[in-house]
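# Residue-level structural notes
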Amino acid sequence: MSDWLSPEQGALLLTLVAAAEAGGQDEVPVGAVVCDALGRILSAQGNDCVTRSDPVGHAEMRALGQAARRLRNYRLLGTRLFISLEACPLCREAVGLSRVSQMACAARRDPESAAQPESGFFQDQALESASVALLHFFFARKRADLKCDGKSVLIS
């Protein structure tokens, strides 16, 4: 076993950094990274729906858009999309329209579907656990905020 991260692990780790940054801005902590065929990072984004009042400010949509602008082409042929959490239906459609060549996710939206073999999921327990932990912490904090007599209280 190597002590080095694979390119996939490195890209997925960067999705977690973007997710954590989004969570720090009170956004659902999801991150996405687009790499070119050589593994160079074209974009890294987190969710930004709340901050920008944008219903499609999902990490995947933002990362695809940034990569397309950088390449000056909406067709992202030969690129790979890495996501900290499995894409929603809207983002899956955008991935298809952008013609991304491959997609890898650290964690599934529905853990029960893990028994179903499907491409697009990178099997790394530590990365999956970290992605799930970010989401659990975020939503636990949100639930705690709601229980404080209807007043928003930031829990550090």
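Provided above is the structure to which this section pertains.
Bear in mind the structure is a predicted one, so any value in this text is a computation, not a measurement. (Residues numbered from 1 in each chain as written. Predicted model: local features only at pLDDT ≥ 70, side-chain atom pairs only at ≥ 80, totals over all residues. Heavy atoms only, no water.)

### A word on unusual backbone geometry
Negative phi characterises most residues that are not glycine, and trans characterises most peptide bonds. Of note, arginine 72 is a non-glycine position whose phi angle comes to about 55°, a positive value. Here arginine 72 shows up in the loop between α2 (59-71) and β3 (80-83). Positive phi, close to 65°, is recorded for arginine 99, a residue that is not glycine. You can see arginine 99 is positioned in the loop between α3 (89-98) and β4 (102-105). (Helix = DSSP H or I, 4+ residues; strand = E, 2+ residues; numbered from the N terminus.)

### A closer look at the sheet that holds β3
If you walk across this open sheet you meet the four strands as β2-β1-β3-β4, and the pairing is mixed. The sheet is open, and its two borders are formed by β2 (41-46) and β4, each paired with just one other strand. Across this sheet, the average inter-strand angle for adjacent strands is 15°, counted without regard to direction. Bridge count between β3 and β4: four bridges; the pairing is parallel. Across the sheet, isoleucine 83 pairs through a bridge with cysteine 105, a residue of β4. (Pairing = 2+ DSSP bridges. Axes fitted to C-alpha atoms, helices over the stretch in contact; angles between N-to-C directions.)

### Quick look at the environment of cysteine 105
Mapped onto the elements of the fold, cysteine 105 is located in strand β4. The class for cysteine 105 is buried, based on a relative accessible area of 2%. Cysteine 105 sits 23 residues away from glutamate 128 along the chain, and the two C-alpha atoms are 8.6 Å apart. (Buried < 20%, exposed > 50% of the residue type's maximum accessible area, 1.4 Å probe, protein only.)

### With respect to the packing of helix α1 (residues 7-24) against helix α4 (residues 125-146)
Contact pair α1 / α4: the axes reach a minimum separation of 10 Å and the direction vectors enclose 10°. It follows that α1 is roughly parallel to α4 by the angle criterion. Along its contact with α1, which presents Gln9, Leu12, Leu13, Leu16, Ala19, Ala20 and Gly23, the element α4 presents Leu127, Ala130, Ser131, Leu134, Phe138 and Arg141. Across the contact of α1 with α4, the residue classes tally to nine nonpolar, three polar and one charged. (Parallel < 35°, antiparallel > 145°, perpendicular 65-115°, else oblique. Contact = heavy atoms within 4.5 Å. Nonpolar A, V, L, I, M, F, W, Y, C, P; charged D, E, K, R; others polar.)

### Section: the nonpolar core
Membership of the largest hydrophobic core comes to 22 residues, with the highest contact counts inside it found for Val30, Val34, Leu64, Leu76, Leu81, Ile83 and Val100. Per-element accounting of this core gives the leading share, five residues, to α2. The contact partners of valine 34, leaving out residues within four places of it in the chain, are Arg40, Ile41, Leu42, Ser43, Ala63, Leu64, Ala67, Thr79, Arg80 and Leu81. Core analysis: the second largest hydrophobic core is formed by nine residues, Ala11, Leu12, Ala104 and Ala106 among them. (Core = buried A, V, L, I, M, F, W, Y, C linked by side-chain atoms within 4.5 Å.)

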